[in-house]
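Geometric and topological summary
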Amino acid sequence: MGQIPEELHTLDPAQQNAVTRPAEHVLVLAGAGSGKTRVLTHRVAWLIACEGVDPEAILAVTFTNKAAREMRDRLSLLLAPAAVNSRWGVWLGTFHAVAHRLLRQHAAEAGLIPSFQILDSQDQLALIKRLLRRYNIDEGEVAPRELMAFINSHKDKGERVDRFEPIGARQAQLAELWRAYEAQCAQEGVVDFSELLLRVLELLETNPDLRLRYRSRFAHLLVDEFQDTNPLQYRLLKQLALDPESGESGAWLFCVGDDDQSIYSFRGALPAVLAYFQREFRATLVRLERNYRSAGNILAAANSIIAHNRDRIGKALWTERGEGEPIRVFMADDEMGEARFVASSISALIEEGIPAKEIAILYRTNALSRAFEHQLLALGIPYRVYGGLRFFERAEVKHALAYLRLLLFPEDEGALLRVINVPARGIGSKTIEALLKAREPGESWESVAMRLGGRGGVAVRQFAEQIRTMRAETASLPLPDAIAWVIEKSGLAASYAQGEEEGGQKEREERLENLEALVAAGHDFVAEMAREGISLAGHEMISLFLQHAALESGEHQGIEEHRAVRLMTVHAAKGLEFDTVFLVGLEEGLFPHENALESAFRTVTPDAIEEERRLMYVGVTRAKRQLFLTWAASRRLHGGVRYHAPSRFIQEIPEELLRWLSPRPTQRGKEFSRGAPMAAAEGAIASSPLYLWRPGMRVRHSKFGEGVIVRVAGAGAQTEATVRFAPPVGEKRLLVALAKMTPLSDG
DNA sequence: CGCCTATCCTTTTTT
DNA sequence: AGGATAGGCG
């Protein structure tokens, strides 16, 4: 611990200033690559080593599990391990993990049963679908996702349904469903992600004793990625913070963030909190603008892209590094060509001695990873895909977890419906319907099952019996044994093990491996709990494990692969850095994503494109030495072929920073079109004999008149266009090879 | 009544 | 491409 003051000399003056601020509220505006995590970890170390602050009086919150882990690792290098990892150490975790820990300790005061379970987004959506079905509301009338977004967006602002005042019939209907949703959650003893935070907020607001207790416990509260804070989280921070007005005891806030890297507004984040916070808490502002990560050209490109955003506090990153390599730009004919280029470039880089783990392929959406995986595999380059289907979200893992839930909570309808016929045991929709219908209020389904007649009655009774037996058998088993037991006795293992058809042979093996990995995760969890001083067996431990699984949805599988190229979304890459970055799929409609674009049929808030731009900025600033930008003129996606123009973001980089590795997208112009996709690529035209059909294009049909192409799917003679015509006609799907249709304009 | 197959429909990012 | 659902067969 004595090394801290010495360590401080390795910080630059701005970083040192931030780290050693006296007891006051601080806002650190930290540009990309400016040593944000260093400042945070050193601040914690400085508080403990130099200011004599008790580690227990420090709370540090992050947004992702990955960031929490990173901070924990880096803190352990500065402090004695016990100060970080044990229950006497610094509190460190995601907002949700911290909230969960608090709720576990105060479940009763928060109005929750001790074994409350956490709904992940999948579970939440499933519950909402069940709800809509029960109310006989057609999914066309209220889309489950819409209702989910409605509920979450209000809860993320800290709103409750009883205080919500709907405007108009539509909102009234949604609010009614919201109310029903809350009732259902209460009945099942489950809470969603927002609810975790909301309960803690209300706990602190309404319970003065508890508020006082935690306010005096935490002297310092550090927040990472502060720009991602939503109003609910901000209010939570305020409850724990020292209020400059009242002077009541509370924590000093040390918030680190970058408004240019705010990429979670879809989750309710409000980058304006940076300004709010500074004003409301009279926080000292410290700017970190010196970038230690990227070569000059990369930084210049990033600065120039982000300068196109209007809504920002504004800062300019600088570096003392040289310009470095130019930014390479490559246009491929299609996604396989793009992937081939990337994979062969990576192969060359590895030859040159760049470690594979220092190379990353970043994309906007997970769906883009396939082609790259394919080509990397073909060249024998080791790779690891992050994100995508997370471990705890795999169907087979969910099934196993649902069995566990059913053992503990017979009333858990979601779990029941998930596994009642998995593996198939002759219980179909009719039987399930009868089962639910025959149920008296307050009666358990297991007792209903006992008196259910009809064809499915026997099967249901057997199932109920099976669950009851497993419940007794697992009552005192250690966690991993209990998991293994349930996987075996439920028949899940057998159903994946037997190989009648060869079609899914590999898939079944994978599923079996995942089930084994779940047992391993149980072992890990027991060890982790032991470190926190918790040692339980049987159902209590299962309950904790289930909560953990919902909260930490991914990354539990596999050991960190140290010699592999990394593939991930730009979102997942935030906070990371790599020697070489391939930013791929840079096409209008993909990146920026089409959902953020204005179109003839959709109006989008102007903020949406700015958020896409910030995302691009995050992607670009991940690169230390070398940056590649690639896109494909045509791309097989969602079962059809789509043609995209290159992303506007490429154009926002000054020409002199770029080096083209492929012919420029147009012969004549220097400009390629903004906004709407265009026939940029010669290769794209070849796929259609006469015209290049693309979404957004206006057309005239001999019978239906004028219309606009909504989408194009299929290939060759099967190429099919969905065209929206004026009202009486509406949308039509037409085979472009046959339809009497001519293009009108390029939009 | 349950199971299998054909067709339709959606498709961002994360706790 | 993949999941969800509707319709037909055993």
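Residues numbered from 1 in each chain as written. Chains lettered and ligands numbered in written order. Predicted model: local features only at pLDDT ≥ 70, side-chain atom pairs only at ≥ 80, totals over all residues. Heavy atoms only, no water.

A short note on the packing of aromatic side chains
Two numbers describe a pair of aromatic rings. These are the distance of the centres and the angle of the planes. What counts here: A pair of Phe, Tyr and Trp rings is counted when the ring centres sit within 6.5 Å of each other, with Trp represented by its six-membered ring. The angle between the planes then sorts it: under 30 degrees is stacked, over 60 is edge-to-face, the rest tilted. Think of it in three bands: residues with accessible area under 20% of the maximum for their type are buried, residues over 50% are exposed, and the middle band is partly exposed, with areas taken using a 1.4 Å probe on protein chains only. Lysine and arginine charges are scored as sitting over a ring when NZ or CZ, respectively, is within 6 Å of the ring centre and within 35 degrees of the ring normal.
What the rule picks out here adds up to 18 aromatic pairs. Look at Phe-277 and Phe-281: their rings are 5.4 Å apart centre to centre, the planes differ by 40°, and that puts the pair in the tilted class. Exposure remark for Phe-281: the relative accessible area of 6% places this residue in the buried category. Positioned over the ring face of Trp-91 is Arg-101, at 4.1 Å from the centre of the ring. The ring of Trp-485 has Lys-489 lying over it, and the distance from NZ or CZ to the ring centre is 4.9 Å.

Quick look at the protein's contact with DNA strand B
Note the threshold: Whether a residue is near a molecule or strand depends on its heavy atoms: if one lies within 4 Å, it is near. Polar contact is defined as a pair of N or O atoms within 3.5 Å, subject to the rule that within protein one atom must be able to donate a hydrogen and the other to accept it, and that residues adjacent in sequence are counted only when both atoms are side-chain atoms. Helix and strand definitions here come from DSSP, where helices need a minimum of 4 consecutive H or I residues and strands a minimum of 2 consecutive E residues; each element is numbered from the N-terminal end.
Neighbouring DNA strand B are 29 residues; Arg-267, Arg-364, Asn-366, Thr-431 and His-638 lie closest to it. Sugar and phosphate atoms form 51% of the subset of DNA strand B atoms that lie within 4 Å of the protein. Measuring from a base oxygen of DNA strand B, one finds a side-chain N or O atom of Ser-121 at 3.1 Å. Contacts to DNA strand B include Asn-421, whose side-chain N or O atom sits 3.3 Å from a phosphate oxygen. Element by element, the count of residues in the surface near DNA strand B is highest for helix α19 (residues 429-437), at three residues.

A short note on the side chain of Glu-335
Our working definition: Counted charges follow a simple rule, with Lys and Arg positive, Asp and Glu negative, and His plus the chain ends left uncounted. Salt bridge criterion: a side-chain nitrogen from Lys or Arg within 4 Å of a carboxyl oxygen from Asp or Glu. Contact definition: two residues touch when any of their heavy atoms are within 4.5 Å.
Tracing the chain through its elements places Glu-335 in helix α15 (residues 335-351). Buried charge without a partner: Glu-335 forms no salt bridge, and the closest opposite charge is Arg-636, 4.7 Å away. The contact partners of Glu-335, leaving out residues within four places of it in the chain, are Ala-371, Ala-632, Ser-634, Arg-635 and Arg-636.

A look at the nonpolar core
What counts, and what does not: By nonpolar core we mean a set of buried residues, namely Ala, Val, Leu, Ile, Met, Phe, Trp, Tyr and Cys, connected to one another through side-chain atoms within 4.5 Å.
One finds Phe-392, Leu-401, Trp-445, Phe-463, Leu-518 and Phe-545 to be the most contacted residues of the largest nonpolar core, which totals 49 residues. Take this core: its biggest share by element is nine residues, from helix α17 (residues 395-408). Not counting chain neighbours up to four residues away, the residues in contact with Leu-518 comprise Phe-391, Phe-392, Val-397, Ala-400, Leu-401, Ile-483, Ile-487 and Phe-545.

Describing empty space enclosed by the protein
For the record, the criterion: Grid spacing is 1 Å over the protein atoms alone, the probe is 1.4 Å, and a cavity is where that probe fits but cannot get out, while a pocket is an open set with protein on both sides within 12 Å along at least five of seven lines and lining residues have an atom within 4 Å of a point. Grid points are joined across faces, edges and corners, and a volume is the space filled by probe spheres set on the points. In this classification, Asp, Glu, Lys and Arg are treated as charged, Ala, Val, Leu, Ile, Met, Phe, Trp, Tyr, Cys and Pro as nonpolar, and every other residue, Gly included, as polar.
The full count for this structure, using the stated rule, is four cavities of 30 Å³ or more. Each pocket or cavity is described by its volume, and for the largest cavity that value is around 150 Å³. Lining the largest cavity are 16 residues, and of these Ile-118, Asp-123, Arg-405, Leu-546 and Ala-550 lie nearest its centre. At the level of secondary structure, the elements contributing two or more residues to the lining of the largest cavity comprise β4 (117-118), α17 and α25 (538-551). Sorting elements by how many residues they give to the lining of the largest cavity places α17 first, with four residues. Here the lining of the largest cavity is built from residues that sort into nine nonpolar, two polar and five charged. Going through the elements one at a time, β2 (58-62), α6 (95-105), α10 (193-206) and α12 (231-240) are the ones with two or more residues in the lining of the second largest cavity. The element contributing the most residues to the lining of the second largest cavity is α6, with four residues. Classifying every residue of the lining of the second largest cavity gives 12 nonpolar, no polar and no charged.

Some words on the sheet that holds strand β13 (residues 578-583)
Each strand in a sheet pairs with its neighbour through backbone hydrogen bonds, running either in the same direction (parallel) or in the opposite one (antiparallel). Filter applied, for reference: Strands are treated as partners if at least two bridges between them are detected by DSSP. Note on definitions: angles span 0 to 180 degrees between N-to-C directions of axes, and those axes are lines fitted to C-alpha atoms, for helices only across the stretch in contact.
What the seven strands build is an open sheet, ordered β11-β12-β10-β13-β14-β9-β17; its pairing is parallel. What marks the edges here is a single partner per strand, and that holds for β11 (383-385) and β17 (658-660). Taking each pair of neighbouring strands and ignoring which way they run, the sheet shows an average axis angle of 25°. Of the strand pairs in this sheet, strand β9 (residues 327-332) and β17 are connected by three bridges, and their pairing is parallel. Each bridged residue has a counterpart across the sheet, and for Val-329 the counterpart in β17 is Trp-660. Packed onto the sheet, α15 meets β9, β10 (359-363), β12 (565-569), β13 and β14 (623-632) and runs at close to 155° relative to β14.

Looking at the pattern of salt bridges
Within the structure shown, the criterion is met by 47 salt bridges. The salt bridge involving Arg-217 is made with Glu-56; its shortest N-O contact spans 3.6 Å. Of this pair, Arg-217 sits in helix α11 (residues 208-217) while Glu-56 sits in the loop between α3 (36-49) and β2, placing them 161 residues apart in sequence. Classification of Arg-217 as partly exposed rests on a relative accessible area of 26%. By relative accessible area, which is 30% here, Glu-56 ends up partly exposed. A salt bridge links Asp-228 to Lys-574; its shortest N-O distance comes to 2.6 Å. With a gap of 346 residues between them, Asp-228 in the loop between β6 (220-223) and α12 and Lys-574 in the loop between α26 (570-573) and β13 connect regions that are remote in the sequence. Accessibility assignment for this pair places Asp-228 and Lys-574 in one class, buried. A network of salt bridges, in which partner residues are shared, links Lys-155, Arg-160, Glu-182, Asp-192, Glu-195, Arg-199 and Glu-202.

Re the packing of α6 against α10
Convention followed: Angles are sorted into four bins: roughly parallel if under 35 degrees, roughly antiparallel if over 145, roughly perpendicular if 65 to 115, and oblique for all others. Here is the rule for handedness: rotate from the far helix to the near one, and if that takes an anticlockwise turn smaller than a right angle the crossing is left-handed, while a clockwise turn gives right-handed.
At a minimum axis separation of 9 Å, α6 and α10 run at an interaxial angle of 55°. Here α6 lies oblique to α10, going by the angle between them. The chirality of how α6 crosses α10 is left-handed. On α10, the residues touching Phe-95, His-96, Ala-99, His-100, Leu-102 and Leu-103 of α6 are Phe-193, Leu-196, Leu-197, Arg-199, Val-200 and Leu-203. For the contact of α6 with α10, the class distribution of residues is nine nonpolar, two polar and one charged.

Observations concerning helix α8 (residues 144-155)
Where we set the bar: The span one expects for a helix is its residue count, reduced by one, times 1.5 Å.
Helix length check: α8 (12 residues) gives 17 Å between terminal C-alpha atoms against 16 Å at 1.5 Å per residue, within 8%. Restricting attention to buried positions, one finds in α8 the residues Pro-144, Leu-147, Met-148, Phe-150, Ile-151, Asn-152, His-154 and Lys-155. Check the buried side of α8 and you find it contacts α7 (121-134), α9 (168-188), α10 and α12.

Regarding α11
Put simply, the rule reads: Read the arc as the range of directions from the helix axis to the C-beta atoms.
All buried positions along α11 are accounted for by Leu-210, Arg-211, Tyr-214 and Arg-215. One side of α11 carries all its buried residues, which in axial view fall inside an arc of 130°. Elements in contact with the buried residues of α11: α6, α10 and α12.

Focus: the sheet that holds strand β3 (residues 91-94)
Pairing is parallel across the open sheet formed by six strands, whose spatial order is β3-β2-β6-β7-β1-β8. Two strands lie at the open edges of the sheet, namely β3 and β8 (284-288), each paired on one side alone. Neighbour-to-neighbour, the strand axes of the sheet open up by a mean angle of 15°, direction not taken into account. With four bridges joining them, strand β1 (residues 26-30) and strand β7 (residues 252-257) adopt parallel strand pairing. In the sheet register, Leu-29 faces β7, and the bridge partner there is Gly-257.

What to know about the pairing of β7
Of all six residues in β7, five are buried, a share of seventy percent or more. In this sheet, β7 lies alongside β6 in parallel orientation, the contact comprising four bridges. Pairing of Val-223 across the sheet is with Cys-255, part of β7.

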